Amino acid sequence: MTRRAVERYIEALNRHDPDEIAACVTPDFFNEHTSAAGVSTRGRDAYRERLSTFLAEFAGLTYEVEDVIVERDRAAVPYRMTFIYNGAPVRIRGIFRFRVAGDLIAHRVDYWDGADFQRQIAR
């Protein structure tokens, strides 16, 4: 169940549909970013509200999954993220860490290098 919840969530992200993405998370979802460039949110409604802006800023966002590591209700997913930011193509490697409740994502921690992002958009 954990693996399928994670795969469904990432597939929704890659389809860029804010309602579909938000439907993959719990009402008390915590979207935690470790990068200084990221914006953390708490709650499905706040996350859904942020998604439209995020998807517009990160045009063509795609997560290419490198692996899915699952243990009970937790998963780690290394990825390659590509998008266009203010006209600049960006490609960053990172990793998601998930906690799943039932068939929904309850907590997502996103690790990626904000300095690498800044370097790529400064060109």
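Trainee: In this structure, what is going on with the overall build of the protein chain? I would like to understand it.
Mentor: A count of helical and extended segments in the protein chain gives four helices and seven strands. Traced from its N-terminal end to its C-terminal end, the protein chain shows the element sequence α-α-β-β-α-β-β-β-β-β-α. Relative to a compact globule of 123 residues, whose C-alpha radius of gyration would be 14 Å, the protein chain shows 14 Å and is just as compact. With the C-alpha coordinates aligned to their principal axes, the bounding extent of the protein chain is approximately 45 × 30 × 25 Å. With 123 residues in all, the protein chain has 44% of them scored as buried. Here the analysis covers contacts within the protein chain between residues at least 6 apart in sequence; of these, 52% occur between residues at least 24 apart. Accessible surface computed for the protein chain: about 6500 Å², of which carbon and sulfur atoms make up 49%. Taking the average place of the 18 positive charges on the side chains of the protein chain and the average place of its 19 negative ones, the gap between the two points comes to 3 Å.

Trainee: Just to check I follow, could you spell out the nonpolar core for this structure?
Mentor: Most often, soluble globular proteins have nonpolar side chains that are buried together. Tyr9, Tyr63, Phe83, Phe98 and Ile105 are the most contacted members of the largest nonpolar core, which has 33 residues in total. Setting aside its immediate chain neighbours within four residues, Tyr9 contacts Ile21, Cys24, Val25, Phe29, Tyr47, Phe98, Ile105 and Arg108.

Trainee: How do you make sense of the pattern of salt bridges when you look at a structure like this?
Mentor: Side chains that carry opposite charge are capable of pairing whenever their charged atoms lie near each other. If you walk through the whole model with that rule in mind, you get twelve salt bridges. Linking Arg72 and Glu71 is a salt bridge whose minimum nitrogen-to-oxygen distance equals 3.1 Å. With a relative accessible area of 67%, Arg72 lands in the exposed category. A salt bridge links Asp110 to Arg108; the shortest N-O distance between them is 3.6 Å. Judged by its relative accessible area of 3%, Arg108 falls in the buried class.

Trainee: Got a minute to help me understand helix 4 (residues 114–121) in this structure?
Mentor: Note on helix geometry: an α-helix contains 3.6 residues per turn, so any two residues three or four positions apart are oriented the same way. Every buried residue of helix 4 is listed here: Gly114, Asp116, Phe117 and Gln120. Along the axis of helix 4, the buried positions cluster into a sector of 160 degrees, meaning they face one direction only. Against strand 5 (74–85), strand 6 (88–101) and strand 7 (104–112) lie the buried residues of helix 4. You can read the cap of helix 4 off the contacts: a side-chain oxygen lies 2.9 Å from the backbone nitrogen of Ala115, and it is on Asp113.

Trainee: Explain the environment of Met81 to me, please; I cannot follow it from the model alone.
Mentor: Counting through the fold element by element, Met81 comes out in strand 5. Overall, the relative accessible area of 2% leaves Met81 in the buried class.

Calculation criteria
- Residues take numbers from 1 onward in each chain, read along the sequence in its written order.
- Whole-chain, interface and lining totals are the exception, using all residues; otherwise, since this is a predicted model, local features are given only for residues with pLDDT of at least 70 and side-chain atom pairs are given and counted only at 80 or more.
- Water and hydrogen atoms play no part in the side-chain values, which are based on all heavy atoms of the structure.
- The secondary structure listing takes helices from DSSP runs of H or I that are at least 4 residues long and strands from runs of E that are at least 2 residues long, numbered from the N terminus.
- This radius of gyration counts C-alpha atoms alone. The globule rule is 2.2 Å times how many residues there are, raised to the power 0.38.
- Throughout, exposure labels follow a simple rule: accessible area from a 1.4 Å probe, protein chains only, divided by the maximum for the residue type, with under 20% read as buried, over 50% as exposed, and the rest as partly exposed.
- It only takes one pair of heavy atoms within 4.5 Å for two residues to be counted as in contact.
- Methods summary: accessible areas were calculated by the Shrake-Rupley approach with a probe of 1.4 Å, and residue burial reflects only the protein chains presented.
- Only four residue types enter the charge count, namely Lys and Arg as positive and Asp and Glu as negative; His and the chain termini do not.
- Working definition for charges: the position is that of NZ of Lys, CZ of Arg, CG of Asp or CD of Glu.
- To define a nonpolar core, start from buried Ala, Val, Leu, Ile, Met, Phe, Trp, Tyr and Cys residues and group those joined through side-chain atoms within 4.5 Å.
- For this analysis, a salt bridge means a side-chain nitrogen from Lys or Arg found within 4 Å of a carboxyl oxygen belonging to Asp or Glu.
- This arc is taken over the directions from the axis of the helix to the C-beta atoms.
- Counted as a polar contact is a pair of N or O atoms within 3.5 Å, where, for protein atoms, one must be capable of donating a hydrogen and the other of accepting one, and residues adjacent in sequence contribute only when both atoms are in side chains.

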